[in-house]
Amino acid sequence: MNRLMISAAHKSSGKTTVTLGLCAALTAQGKHVQPFKKGPDYIDPMWLALAAQRPCFNLDAYLMDDAALERCFTSALRGADLALVEGNKGLYDGLALDGSNSNAALAQRLVRKLCEKCKIARDATVEEQKIIDKYLGTLVDKALAPQETKKLWGAKSDGCEACHGRGYKGRIAVFEAVFMDSAIETILRSKPSEREIYQAARPQGIPSMQEDGIIKVLRGVTSMDELKRVVKKKKKKKIRNIAL
């Protein structure tokens with residue numbers, strides 16, 4: 001399922017207007033849009049529910065733990081074609097000093113972790129091995145690559161008691177970050193493309209989102225299916241943060 005989060009650099013940036021427009025437009029096209037609002041808001045969810053013609057639910061990373069967020073999110077998705085999450089305030093704003101309840105953290109939490117009690121080991125397919133080799137080959141810091149690169153882990157179809165029959169339990173972030181060093185400061189003055197920023201940041205040695213995801217797959221933290229579903233690839237689905 002496609003999942004989209006609308007966020008911004010700061011409050012009063014037009015997040016609600018954009019989210020309402022998307023909800024109404026997609027619903028008019030016959031899509032079943034499930035809206036969510038980050039935080040304990042009650043006014044925006046009423047507007048979103050009207051636009052989507054189905055109830056809007058709150059995702060509050062401060063008042064709800066990971067398990068509660070997961071239950072709320074997954075249970076509301078039944079019958080939906082798209083999950084549309086409107087953030088609140090700025091992308092990294094929140095009550096927690098470490099940013100753990102920000103819009104960015106909420107989007108990252110929507111990546112499922114394999115259940116440690118019932119996850120199943122298997123060999124990578126030929127196609128999966130090509131993906132693994134591709135992204136391990138682009139790692140700047142080779143020490144981050146796991147020693148075992150041909151064995152993957154997957155979710156048990158019927159799960160177990162620990163994960164309530166889901167095969168997954170909990171969430172984890174798939175990270176991609178760029179430090180604002182002198183090289184990035186310089187290139188940003190020229191209105192660079194995303195590819196140009198990526199190339200300028202590579203010497204920092206920080207894994208891309210795809211590389212970090214592959215590392216987590218090889219370590220048995222998440223599955224290749226989950227990574228393909230969440231992380232941006234050509235013709236693949238992604239959880240997106242859109243900064244207005």
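The model shown is predicted, which means the values in this text are computed figures rather than measured ones.

(A) How the structure looks around the overall build of the chain. When you go through the chain residue by residue, the secondary structure sums to 9 helices and 9 strands. A burial count over the chain gives 44% of its 244 residues as buried. Considering only contacts within the chain whose residues lie at least 6 apart along the sequence, 67% involve residues at least 24 apart. Split by element, the accessible area of the chain, about 13500 Å² in all, is 55% carbon and sulfur.

(B) Geometry of the pairing of strand β2 (residues 33-38). By the criterion of burial, β2 is predominantly enclosed, with 6 of the 6 residues buried. Burial along β2 is two-sided: the face carrying V33, P35 and K37 and the face carrying Q34, F36 and K38 are both buried. Summarising the sheet, β2 and strand β3 (residues 57-59) pair through 3 bridges and their orientation is parallel. By the bridge assignment, F36 is partnered in β3 with F57. The β-α-β motif built from β2, the intervening helix α2 (residues 43-52) and the parallel element β3 has right-handed crossover chirality.

(C) Region of the structure containing the side chain of R202. Along the chain, R202 falls in the loop between α7 (194-201) and α8 (209-218). Exposure remark for R202: the relative accessible area of 12% places this residue in the buried category. If we skip the residues at most four places from it in the chain, R202 touches T138, L139, V140, S208 and E211.

(D) Geometry of the packing of aromatic side chains. Tallied over the full model, the rule gives 2 aromatic pairs. Both rings, one in F36 and one in F57, keep their centres 6.5 Å apart while their planes meet at 40°; by these two values the pair is tilted. In this pair, F36 sits in strand β2 while F57 sits in strand β3, placing the two residues 21 residues apart along the sequence. Classification of F57 as partly exposed rests on a relative accessible area of 33%. By the ring-pair criterion, three or more aromatic residues cluster together here, those being F36, F57 and F73.

(E) Expanded view of the environment of Q147. Structurally, the position occupied by Q147 is in the loop between α5 (126-137) and β7 (151-154). When the C-alpha positions of Q147 and L218 are compared, they lie 9.0 Å apart, and in sequence the two are 71 residues distant.

(F) Seen up close, the nonpolar core. Counting residues in hydrophobic clusters, the biggest one holds 13 residues, and the most contacted among them are I132, L136, L152, I214, L218 and M224. Taken together, the elements giving at least two residues each to this core come down to α5, α8 and α9 (224-230). The contacts of L136, once residues within four sequence positions are left out, are K142, A145, T149, I214 and L218. Residues C72, L77, A83 and V85 belong to the second largest nonpolar core, which totals 11 residues.

Procedures and definitions
Residues numbered from 1 in each chain as written. Predicted model: local features only at pLDDT ≥ 70, side-chain atom pairs only at ≥ 80, totals over all residues. Heavy atoms only, no water. Helix = DSSP H or I, 4+ residues; strand = E, 2+ residues; numbered from the N terminus. Buried < 20%, exposed > 50% of the residue type's maximum accessible area, 1.4 Å probe, protein only. Contact = heavy atoms within 4.5 Å. Areas by Shrake-Rupley, 256 points an atom, 1.4 Å probe, with all protein chains shown as cover. Pairing = 2+ DSSP bridges. Right-handed = clockwise from strand over helix to strand, strands pointing away. Phe/Tyr/Trp six-rings, centres within 6.5 Å; stacked < 30°, edge-to-face > 60°. Core = buried A, V, L, I, M, F, W, Y, C linked by side-chain atoms within 4.5 Å.

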